[in-house]
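As a plain string of letters, each chain reads:
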Amino acid sequence: MRSWLPAALLLALCAAALAQPGGDPARDVQQKLQALEKAYQAGILSQAEYAQKKAKLEEDLAAMQPALDEETVKKLKALDAALEAGVLSRAEFEQKKAELTGRKATPPTVANPLDVPAPTRTAGKLARYTDPDGRFQFHFPEGATVQTLPDGMGAAVAHGKAGASVLVWKNLKQGKQVVDAFSGQIRDQWKSFQEIRRGEGKIGGLPAVMIEFAGVNLEGAASHGLIAGVEAGGLALSVSRIGPDGDYAALEPVWEILLASFEAGAGTEDAGRPGQLYRHPIGFSFWQPAGWTVKEHDDFLQLEPPDAASNEQGPEELYFIIGDTVEGEGITSADHPQVAEYLDEFVKENLTPALQRSGGTKTMPISKGTGVIYDWRTKSPTTGKTVLARAYTVILRDHGVALLAFGIEDRVAARDAELRRIFASFGFGEGAKDPALVGTWELTSSQTVWNKGLARADERAKVGRQEKSTFQIRADGTWTHIYVWELLVMGAGHSLESGPQREVAEGRWSAGNGVFYRSFKDGTWCDEKYQLRRTQGGIELVLENEKTQRIFRRTGD
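Here the structure is a predicted model, which is why all the values come from computation and not from measurement.

## Details of the sheet that holds strand β5 (residues 162-169)
Remark on secondary structure: sheet strands pair via backbone hydrogen bonds, oriented parallel or antiparallel. Sheet architecture is open: 7 strands sit in the order β3-β4-β5-β9-β8-β7-β6, paired in antiparallel fashion. Both edges of this open sheet fall to β3 (146-149) and β6 (191-203), since each of them pairs with a single strand only. On average, adjacent strands in this sheet sit at an angle of 15° to one another, irrespective of strand direction. Helix α6 (residues 175-189) rests against β5, β6, β7 (206-216), β8 (222-232) and β9 (235-244) of the sheet, and its axis sits at about 160° to β8.

## A look at the confidence of the model for the protein chain
Averaged over the protein chain, the pLDDT score is 77; the fraction of residues at 70 or greater is 72%. Strand β14 (residues 301-304) holds the highest mean pLDDT among the elements of the protein chain, 94, whereas helix α1 (residues 7-17) holds the lowest, 33. Segment residues 105-110 is flagged for pLDDT under 50; beyond a separation of four residues in sequence, or across chains, it makes 14 contacts in the model. This stretch, residues 266-272, has a pLDDT under 50; its non-local contacts, to residues over four places away or in other chains, come to 17 contacts.

## What to know about unusual backbone geometry
Note: most peptide bonds trans; most residues except glycine with negative phi. With phi around 55°, S192 is a residue other than glycine that occupies positive phi space. Mapped onto the elements of the fold, S192 is located in strand β6.

## So, the side chain of T480
Tracing the chain through its elements places T480 in strand β25 (residues 478-491). One polar contact links T480 to R474, side chain to side chain, over a distance of 2.9 Å. In this view, T480 contacts T470, F471, Q472, R474, V504, A505 and E506; residues no more than four positions away in its chain are not counted.

## A few points about the pattern of salt bridges
This structure, assessed with the given rule, holds 23 salt bridges. Two residues, R241 and E252, come together in a salt bridge whose shortest N-O distance is 2.7 Å. Note that R241 is positioned in strand β9 and E252 in helix α8 (residues 252-261), a separation of 11 residues in sequence. By relative accessible area, R241 is classed as buried at 5%. A salt bridge links R533 to E540, with the shortest nitrogen-to-oxygen separation between them at 3.0 Å. Connected through shared salt-bridge partners, K362, D375, R377, R390, E409, D416 and R420 make up one network.

## A short note on the pairing of β14
Here 4 bridges tie strand β13 (residues 293-296) to β14, and the two strands are oriented antiparallel to one another. Considered in β14, the bridge of T293 is made with E304. What sits between the antiparallel neighbours β13 and β14 is a turn of 4 residues. Bridge count between β14 and strand β17 (residues 317-325): 3 bridges; the pairing is antiparallel. Bridge pairing links Q302 to F320 in β17.

## Quick notes on a negative patch on the surface
A cluster of like negative charges, contributed by D298, D299, D527 and E546, occupies part of the molecular surface. Position of D298 among the secondary structure elements: in the loop between β13 and β14. Using a relative accessible area of 66% as the deciding quantity, one classes D298 as exposed.

## Some words on the packing of aromatic side chains
Summed over the entire model, instances satisfying the criterion amount to 20 aromatic pairs. An aromatic cluster of three or more residues is present, and its members are Y129, F136, F138, F140 and F262. Here the basic side chain of R241 rests over the ring of Y248, its NZ or CZ set 3.9 Å away from the ring centre.

## What to know about the environment of R421
By the element assignment, R421 lies in helix α12 (residues 416-424). As for R421 and Q288, which are separated by 133 residues in sequence, their C-alpha atoms are 9.3 Å apart.

## Thoughts on the nonpolar core
The biggest cluster of nonpolar side chains holds 30 residues, and the ones touching the most others in it are F136, F138, V166, I203, L237 and V239. The set of elements that each furnish at least two residues to this core consists of β1 (126-130), β2 (136-141), β4 (154-159), β5, β7, β8, β9 and α8. Filtering out sequence-adjacent residues up to four positions away, L237 remains in contact with F136, V166, L167, V168, W169, V178, A228, G229, V230 and A232.

Thresholds, definitions, all that
Residues numbered from 1 in each chain as written. Predicted model: local features only at pLDDT ≥ 70, side-chain atom pairs only at ≥ 80, totals over all residues. Heavy atoms only, no water. Pairing = 2+ DSSP bridges. Helix = DSSP H or I, 4+ residues; strand = E, 2+ residues; numbered from the N terminus. Axes fitted to C-alpha atoms, helices over the stretch in contact; angles between N-to-C directions. Contact = heavy atoms within 4.5 Å. pLDDT = per-residue confidence, 0-100. Polar contact = N/O pair within 3.5 Å; in protein donor to acceptor, adjacent residues only side chain to side chain. Salt bridge = Lys/Arg side-chain N within 4 Å of Asp/Glu carboxyl O. Buried < 20%, exposed > 50% of the residue type's maximum accessible area, 1.4 Å probe, protein only. Patch = residues over 30% accessible without salt bridge, like charges linked within 9 Å, V, L, I, M, F, W, Y side chains within 5 Å. Areas by Shrake-Rupley, 256 points an atom, 1.4 Å probe, with all protein chains shown as cover. Lys, Arg positive; Asp, Glu negative; His and termini not counted. Charge placed at Lys NZ, Arg CZ, Asp CG, Glu CD. Phe/Tyr/Trp six-rings, centres within 6.5 Å; stacked < 30°, edge-to-face > 60°. Lys NZ or Arg CZ within 6 Å of the ring centre and 35° of its normal. Core = buried A, V, L, I, M, F, W, Y, C linked by side-chain atoms within 4.5 Å.

Following this line, the structure appears as structure tokens:
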């Protein structure tokens, strides 16, 4: 509890608290509201305390006002809708509301705009964006679209003509430098640029400096902006919100969620360490130490250190990354009993059935949650040495993912620190996208088979099959495949038709290095090689796997 209240503030609080009964009750409440505002600005009250007390006082004040007529109530509802749609700024809304009701407009809050302890509007599901290079992550409403900016610049989410962004400034090292450079660019472009205030705060637990400003943008619209600069792992990042007043206000829910959930990722933590970020096209990423190689297999990734130990019988240490879906199973942590059972079965079937789980489980904090470490041990029948299997396990985006180490215990234990750094960097963001794939693609084919073994034509049977596949590949990372087929059998004066049969599949997609990856809603994956080619008939998409090759044509070409 603070005991050093500024004298002026203490007097204001006392005046509000000691208002004598029998005077103007509404005026008394107004005095309390003003004192409350000053207490919040001075940092005496938290945002939650301020909001709770203010709501109660405004409720008391409303009860003292005469009832509003039906016409005024309708206008107030229309005013609320205009604010929600972003047609009015908060200041315009408060002013017009005061004119309708004859009540004093609520003064604008001048508290630190970075002080957002938790999202205040979280209707609907949230999605997480993870920077492809592992430098930051944040949440956003599932209906919003986040764009990964080119050349590793960062990411942006738009609402109308306003946008929130996280940018990485590769040539700067300090948050203040970022704020000055970014706001300087805006100052040069806008008319009537006015700096409202500067301040300090925290974003994602990191110290931040900020500037808030207003002006007229290049299109002549009254606009608002807020830029905060943070430093993490030797990098300087800006977190900003800029746009015309109406769209700026409408972006508030997205901004609140972004601020409250922002985290600097493993990419910044590993800055300066020798290595690089490995990023699979499906969106899975981790820090790859210098000298280590990654081999991609159908169901797992194999990691090989540069000095892997081996003997005449073979390798003495092996390292893999495995994963499986847990969607719909209620598993949110890697210490869930079903995770342990799955891993028990996996190591016994794929490594050796002699392995027995030992030593209990250990936890470790990582950049995307809490990891759990499982151990299994057995004795080598040939050397008598202890063999260790160790799984560093975490739940990421409805998938259980594990870094699995297997070998002579001394060898595996010697790499524990490096394995922990790899594991701590695990991330699952949006997969790579090839924008040329976005569109609707169709494949139509028909087959007819005759039974020519019979001499008489009227006794021969004909089987016809017509198929149509339609791929809808969307820029938001989702896909839908509609497969329609029909069977016709004719012979000996009879015919049989199956009628149109329709199958629909959908999920998410990514593409990179000539491979098209698709995930299905049941958590399974498939991948096919792809190529795009231009023909006289239009653009074709060729999908090829071990068994088939299919050629789709983009509709509208």
